[in-house]
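# A closer look at the structure
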Amino acid sequence: PQPNPQAGAAVKAADRAHVFHSWSAQELIDPLAVAGAEGSYFWDYEGKRYLDFSSGLVYTNIGYQHPKVVAAIQEQASRMTTFAPAFAVEARSEAARLIAERTPGDLDKIFFTNAGADAVEHAVRMARLHTGRPKVLSAYRSYHGGTQQAVNLTGDPRRWASDSGTAGVVHFWAPFLYRSRFYAETEEQECARALEHLETTIAFEGPGTVAAIILETIPGTAGIMMPPAGYLAGVREICDKYGIVFVLDEVMAGFGRTGTWFAADLYDVVPDLMTFAKGVNSGYVPLGGVAISGEIAATFAERPYPGGLTYSGHPLACAAAVATINVMAEEGVVEHAARLGADVVEPALRELARRHPSVGDVRGTGMFWALELVRNRETGEPLVPYNATGQAATPMAAFAASAKAHGLWPFVNMNRTHVVPPCNISEAELKEGLAALDTALSVADEYTE
Ligand code: PLP
């Protein structure tokens, strides 16, 4: 990368003057001006390069600027940049076919949205119309998107400011042995008690009022908590017992992230609706959607589905999805993520945990890993308090600053750092990033007791 600080200064000045950023106190942020990106790296206008261990917001599953996907977008742009959703269009048809071929079970119809949050909105609307019931159950420690319904379903502090209280959402605790809400000591206990808690919640809410249960198959931003064996199958059973629609949110976990096409494949579970976005086209053009079961699709066979979007199945986004899925298949990206996850990331992170007192827990699969950073391994006290800001968040900020100084762009949320690089990252790049992580963890260690 060629340094060009002057150009960077202009980009930064216009950003600071006019761009209103997501989730931020506008005067307290300092966005890095980015000059370019390729593969697993991006660089700034000073010429400093970063290895992206966050895949943007966990979406560049095939890295930046994959030449085949860029070419497919260019080709689609030259042929048919856009077309309204009511028509049958090649890129849209082909994207739907390739997605439906990979989704589990009979999730064979695809409703396209612009991103993840609106996929969740539509999944919930479908479930309510299908069942004629009002409520939706979702988990604490979850994220489902920033729109009104999706943020109400979310089980993290991003919900609080927008909680409407009328959205018909009931939260419950999903299993997470490391911070068990159920006083469990084994995964089996955690699983059984979490299922019992869910079923009791349904009993007290009134089974006939619950339209859907929505879960991230493996919660992402909330901490990559792998559900214990039997949990998702148990939720499936509960849904069947009470006629509740089971929605799995695979916006973050889907499309290769877990070393399988979908996280649901790891657990052999088939939901009634599955949301996706992000990795479907590596985020090159905004795209999300809902994969719909035969039974729910049948509800809308003779009765119109009351919902839609101007850009549903946008040809440019769908062409990017077709190219991305084909690249992933041709280049074995999913298998690559599984192999590097098992052979390189897991042993390396477990070794870091042995050496760094700040690492309390390591969990994940494929290219989807979390390190839980703690002040004290015995008590599990988080390195920073839940939802800490400002001064209270200093230890995590110091950790992140050290990673960046060593050329690693980390994913940081609360007291965790996630190792979520592109699924096609090379082994050498991965090792380079893990070495920088090792150095940054020494900074986190300074805050342990
Ligand atoms: N669902 C999950 C599991 C997510 O991780 C996200 C975003 O991070 C969303 C939904 C919302 O997606 P979007 O930001 O594309 O609306």
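Residues numbered from 1 in each chain as written. Predicted model: local features only at pLDDT ≥ 70, side-chain atom pairs only at ≥ 80, totals over all residues.

## Section: the overall build of the protein
The condition is simple: Segments assigned H or I by DSSP are reported as helices when at least four residues long, segments assigned E as strands when at least two residues long, and all are numbered from the N terminus. Between the two quantities, the radius of gyration covers C-alpha atoms and the globule rule is 2.2 Å times the number of residues to the power 0.38. Residues are treated as contacting if the C-beta atoms built from their backbones sit within 7 Å of each other.
Helix and strand content of the protein: 14 helices and 16 strands. On C-alpha atoms alone, the protein measures out to a radius of gyration of 22 Å, which is about the 22 Å that the 2.2 N^0.38 rule sets for 449 residues. Overall, the C-alpha framework of the protein stretches about 60 × 60 × 45 Å when taken along its three principal axes. Residue pairs at least 24 apart in sequence account for 73% of intrachain contacts in the protein once pairs closer than 6 positions are excluded.

## Here we look at helix α13 (residues 394-405)
Let me state the cut-off plainly: Expected helix span is computed as 1.5 Å times (number of residues minus one).
For α13, spanning 12 residues, the distance from its first C-alpha to its last is 16 Å, which sits close to the expected 16 Å at 1.5 Å a residue. Buried residues along α13 sit against β14 (408-409), β15 (411-413), β16 (416-419) and α14 (427-445). Phi turns positive, to about 80 degrees, at Gly-407, one or two residues after α13.

## Thoughts on the site of the ligand
Heads up, the rule is: Here, nearness means that the C-beta atom of a residue, built from backbone geometry, sits within 6 Å of the molecule or strand in question. We call Asp, Glu, Lys and Arg charged. Ala, Val, Leu, Ile, Met, Phe, Trp, Tyr, Cys and Pro are nonpolar, and the rest, Gly among them, are polar.
The full set close to the ligand counts 16 residues, and Ala-115, Gly-116, Ala-117, Gly-145 and Val-251 are the nearest of them. Sorting elements by how many residues they give to the shell around the ligand places helix α5 (residues 116-131) first, with three residues. Its residues assigned to classes, the shell around the ligand comprises eight nonpolar, six polar and two charged.

## A look at the environment of Asp-445
Worth spelling out the cut-off: Three classes are used. A residue is buried when 20 or more other C-beta atoms lie within 10 Å of its own, exposed when 12 or fewer do, and partly exposed in between, with C-beta atoms placed from the backbone.
Mapping Asp-445 onto the fold places it in helix α14. The class of Asp-445 is partly exposed, set by 17 C-beta atoms lying within 10 Å. Sequence-wise, Asp-445 and Glu-330 are 115 residues apart; in three dimensions their C-alpha atoms are separated by 42 Å. If sequence neighbours within four positions are ignored, Asp-445 has contacts with His-356, Pro-357 and Ser-358.

## Looking at the domain arrangement of the protein
Quoted interface sizes are often the accessible area lost when the parts come together. Quick note on the threshold: In this document the domain limits rely on a domain assignment from an automatic tool or a database.
Segmentation of the protein into domains returns domain 1 (5-62 + 332-445) and domain 2 (67-330). Relative to domain 2, the C-alpha centre of domain 1 lies at a distance of 25 Å. Opposite the 28 residues of domain 1 that make contact, domain 2 presents 29 residues. Where the side of domain 1 that touches domain 2 is concerned, the elements lending two or more residues are α2 (55-58), α12 (333-355), β11 (359-365), β12 (368-376) and β16. Ranked by the residues each element gives to the side of domain 1 that touches domain 2, the list is headed by α12, at five residues. The residue makeup of the side of domain 1 that touches domain 2, split by class, is 13 nonpolar, 11 polar and four charged.

## A short note on unusual backbone geometry
Even without glycine at this site, Gln-65 takes up a positive phi of about 60 degrees. If you trace the backbone, Gln-65 turns up in the loop between α2 and α3 (67-79). At Lys-278, a position not held by glycine, the phi torsion is positive, near 35 degrees. Structurally, Lys-278 is set in the loop between β9 (273-276) and β10 (288-292).

## Looking at helix α7 (residues 187-205)
Note the threshold: Along the arc lie the directions from the helix axis toward the C-beta atoms.
Helix length check: α7 (19 residues) gives 27 Å between terminal C-alpha atoms against 27 Å at 1.5 Å per residue, within 8%. Along α7, the residues classified as buried are Glu-190, Cys-191, Ala-194, Leu-198 and Ile-202. Across the axial projection of α7, the buried residues extend over an arc of 100 degrees, all falling on one side. Exposed positions of α7 whose direction lies more than 90 degrees from the buried face are Glu-196, Thr-200, Ala-203 and Phe-204. Those residues of α7 that are buried are in contact with β6 (169-172), β7 (210-216) and α8 (231-242).

## Observations regarding the pairing of β9
This is how it is decided: At least two DSSP bridges between two strands are needed for those strands to be called paired.
The alternating pattern of β9 places Leu-273 and Thr-275 on one face and Met-274 and Phe-276 on the opposite face, and all of these are buried. Sheet topology places strand β8 (residues 245-249) next to β9; three bridges connect them, and they run parallel. Bridge pairing in β9 places Leu-248 opposite Met-274. Two elements, β9 and β10, share four bridges in a ladder whose sense is antiparallel. Counterpart to Phe-276 in the pairing with β10 is Gly-289.

## Some thoughts on the confidence of the model for the protein
Condition: Residue-level confidence of the predictor is what pLDDT reports, using numbers from 0 through 100.
Summary statistics for the protein give a mean pLDDT of 97 and a share of 100% for residues scoring 70 or more. Prediction confidence for the complex, expressed as pTM and ipTM, is 0.98 and 0.99 respectively.

## So, the nonpolar core
Keep this limit in mind: The term nonpolar core means buried Ala, Val, Leu, Ile, Met, Phe, Trp, Tyr and Cys residues held together as one set by C-beta atoms within 7 Å.
Grouped together as the largest cluster of nonpolar side chains are 129 residues, with contacts concentrated most on Ala-212, Ile-213, Val-247, Leu-273 and Ala-320. Counting residues per element, this core draws most heavily on helix α11 (residues 315-330), at 10 residues. The residue makeup of this core includes at least three contributed by each of domain 1 (5-62 + 332-445) and domain 2 (67-330). Not counting residues within four places of it along the chain, the set of residues in contact with Ile-213 comprises Leu-137, Val-235, Cys-239, Ile-244, Phe-246 and Val-247.

## Digging into the environment of Ala-319
Structurally, the position occupied by Ala-319 is in helix α11. Look at Ala-319 and you get buried, because 29 C-beta atoms sit within 10 Å. Along the backbone, Ala-319 and Thr-201 are 118 residues apart, and their C-alpha atoms lie at a distance of 43 Å. Residues contacting Ala-319, with those up to four places away along its chain left out, are Ala-72, Ile-73, Gln-76 and Ala-91.

## Comments concerning the pairing of strand β1 (residues 34-38)
The side chains of a regular strand alternate between both faces of the sheet. Bridging between β1 and strand β2 (residues 41-44) involves four bridges; their strand directions are antiparallel. The residue bridging Val-34 from the neighbouring strand is Asp-44, located in β2. In this antiparallel pair of consecutive strands, β1 and β2, the connection spans two residues, and Gly-39 shows a positive phi of 60 degrees.

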